[in-house]
Amino acid sequence: MKIKIWMVMLLAAVLILPSAVSSVSAQDGKDKTQKQKKDDASKKKSQSFTLKAVKGTVERGGTDPNIKDDSTSNNANAEFVGPKEKTGATNTRGAAGVCKVVLDNQTNLKIKIFVDGSFRGVMAPYGDSVTYTGSGLTRVYARAEFDDGTFIYWGPKDYNCYDGQFIYFKMER
């Protein structure tokens, strides 16, 4: 009697187990395909760049053509729609939108950040920085200045970024 029960259980295992495993495998394949599609969509949504430092000099009293405004003062009349993740607001139809710029300092230097020629802050050595800009063509430029008057710079790098997208820049020496 015990042998008959074992035989029935063994027969059931041989018949049922392969179909259960294949359905699980098919489900895993389906999940991977959906995950892969999601990853592909997010890659289209963002861009990533690695920028190498270049040594530069500007004659004493000269200006860097990549910097339009090195001021830290705020414009009292500025009209810039902040990102919805910061303001909670949603852009209205026809609004230009907001693009997120993420910078990763892979050096031991303090780096000044400029977006569209305007000063956006200083990254600490091995630090990160996030800033926002309007949608469309945008230029990112960064530079580390030395006490002897020389500097190294990254960029300028032009890119297109639209509402809800982000751009990632890794600064290397």
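Residues numbered from 1 in each chain as written. Predicted model: local features only at pLDDT ≥ 70, side-chain atom pairs only at ≥ 80, totals over all residues. Heavy atoms only, no water.

**Q** What should I look at first to understand the packing of aromatic side chains in this one?
**A** For any pair of aromatic rings, the description consists of the separation of the ring centres together with the inter-plane angle of the planes. Going through the model one piece at a time under the given rule, you end up with five aromatic pairs. Look at tyrosine 141 and tyrosine 153: their rings are 5.9 Å apart centre to centre, the planes differ by 35 degrees, and that puts the pair in the tilted class. Of the two residues, tyrosine 141 is situated in strand E7 (residues 136-145) and tyrosine 153 in strand E8 (residues 151-161); the sequence distance between them amounts to 12 residues. These aromatic residues form a ring-pair network of at least three members: Phe114, Phe119, Tyr141, Phe151 and Tyr153. Of note, arginine 143 hangs over the ring of phenylalanine 151, and the distance from its end group to the ring centre comes to 3.8 Å. (Phe/Tyr/Trp six-rings, centres within 6.5 Å; stacked < 30°, edge-to-face > 60°. Helix = DSSP H or I, 4+ residues; strand = E, 2+ residues; numbered from the N terminus. Lys NZ or Arg CZ within 6 Å of the ring centre and 35° of its normal.)

**Q** Explain the pairing of strand E3 (residues 98-105) to me, please; I cannot follow it from the model alone.
**A** Counting buried residues in E3 gives seven out of eight residues, a clear majority hidden from the surface. Of the pairings in the sheet, the one linking E3 to strand E6 (residues 128-134) comprises seven bridges and is antiparallel in character. When the sheet's bridge partners are listed, aspartate 104 is paired in E6 with aspartate 128. Inspection of the sheet shows E3 paired to strand E9 (residues 166-172) by six bridges, in the parallel sense. (Buried < 20%, exposed > 50% of the residue type's maximum accessible area, 1.4 Å probe, protein only. Pairing = 2+ DSSP bridges.)

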